[in-house]
Amino acid sequence: MKNLSPVQQAIAQHRLTDTGEVLNGRAHNRKVIGPDGNIMVLKSARIERYQLRLLLAAALRKGYTGFKAQKLFAPSSAVPNPEYLLLEYIEGQELKELYRTDLARAINISKAICADYQAFVEECQKDHTLPSHIDTEHAYGWMGRVFHTWIEKIMANELLSPTEAFQLSNTLFALARQDPQNFFGFVHGNIHGEHIILDRQQQPYLLDLTVEPRPGAAFYDVLRALDFALLEHPDPEAALPLIIKELKLLKAQHGEAAVQAVWALRCIGLLGVDILNNPQKANAANYPVREKIALAMIRGEY
């Protein structure tokens, strides 16, 4: 099997049939059928550093959990740098649909998963599945890179002034420097509509288990769900009261300054990348409303 690609290796080794169907628009996620007729997912790229360890750890969790993880069929042990993962195929509804039709329920499901994922991360740190400390140099590097990348198009469109951009960056990094080990934390990063599937029994499955050091630690994933709501809800103005309510709850729990600084970063990404870099969103009839809301969120004017 020396000259075979990871996909070809997996198909040959596990006697799989490739259906030719790509899942979620990602070529590295393929729908395959096992020799016993079971439908599975063959993931052959973007396998994050700790993903295999997390899948193995999730399979050992006992009792009630806020989310389910896909069963892992191969590899069966924590081999370094796996070339592919063979995973359970979950048939159901993407939570993304609920973000458009039942936002309150969608956010509640995401929040419950966020809370349980944080508990899971802490369990994995205690048993050394994950490091106990954050690589703050890596975390600072990511934050600096994405801030400047995400804000570039906003500045090019003169939607924020250079002074505002400097103040936003300065505030974010000043907060981080106060206590970097607690300001940054391991999170999933995408606990929202495209990474959660509700199965036929309405049980939520969280896809692509991973951890990344992000600002805001425990509340970053909740903010990620809220900016996804602003992006996907067909009427962003109607979604606003619920989102503001959730922001106020987070500020009461984690401090107004920290939540607002990280929320501003998330909304810079929302406007600068998810909207302005997406022709469908940037040219939509409701673009001016989304732009106005995103800028108000960045400035804390809500």
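In this text the structure is predicted, and so the values were computed from the model without any measurement.

Conventions we followed
Residues numbered from 1 in each chain as written. Predicted model: local features only at pLDDT ≥ 70, side-chain atom pairs only at ≥ 80, totals over all residues. Heavy atoms only, no water. Pairing = 2+ DSSP bridges. Helix = DSSP H or I, 4+ residues; strand = E, 2+ residues; numbered from the N terminus. Axes fitted to C-alpha atoms, helices over the stretch in contact; angles between N-to-C directions. Expected span 1.5 Å × (residues − 1). Buried < 20%, exposed > 50% of the residue type's maximum accessible area, 1.4 Å probe, protein only. Contact = heavy atoms within 4.5 Å. Phe/Tyr/Trp six-rings, centres within 6.5 Å; stacked < 30°, edge-to-face > 60°.

All right, on to the sheet that holds strand E5 (residues 85-88) then. The strand order across the open sheet built from five strands is E1-E2-E3-E5-E4, with neighbouring strands paired in antiparallel fashion. Bordering the open sheet on either side are strand E1 (17-23) and strand E4 (72-74), each of which pairs with just one other strand. Pairwise comparison of adjacent strand axes, ignoring direction, gives a mean angle of 35° for this sheet. For strand E2 (residues 26-33) and strand E3 (residues 39-43), the ladder comprises five bridges, and the chain directions are antiparallel. Within the sheet, the bridge partner assigned to Asn 29 lies in E3 and is Lys 43.

In this model, helix H12 (residues 287-299) (13 residues) spans 18 Å end to end at C-alpha, consistent with the 18 Å of a helix rising 1.5 Å per residue. Listed in full, the buried residues belonging to H12 are Tyr 287, Arg 290, Glu 291, Ile 293, Ala 294, Leu 295, Ala 296, Met 297 and Ile 298. Of the surrounding secondary structure, the elements contacted by the buried residues of H12 are helix H6 (162-178), helix H8 (220-232), helix H9 (236-254), helix H10 (256-275) and helix H11 (279-282). Remark: Gly 300 follows H12 within two positions and exhibits a positive phi of approximately 75°.

Now for the packing of aromatic side chains. For the coordinates displayed, the defined rule picks out nine aromatic pairs. Arranged with centres 5.7 Å apart and planes meeting at 50°, the rings of Phe 67 and Tyr 117 form a pair that is tilted. Of this pair, Phe 67 sits in the loop between helix H2 (51-59) and E4 while Tyr 117 is found in helix H4 (residues 103-126), placing the two residues 50 residues apart along the sequence. The class for Tyr 117 is buried, based on a relative accessible area of 0%.

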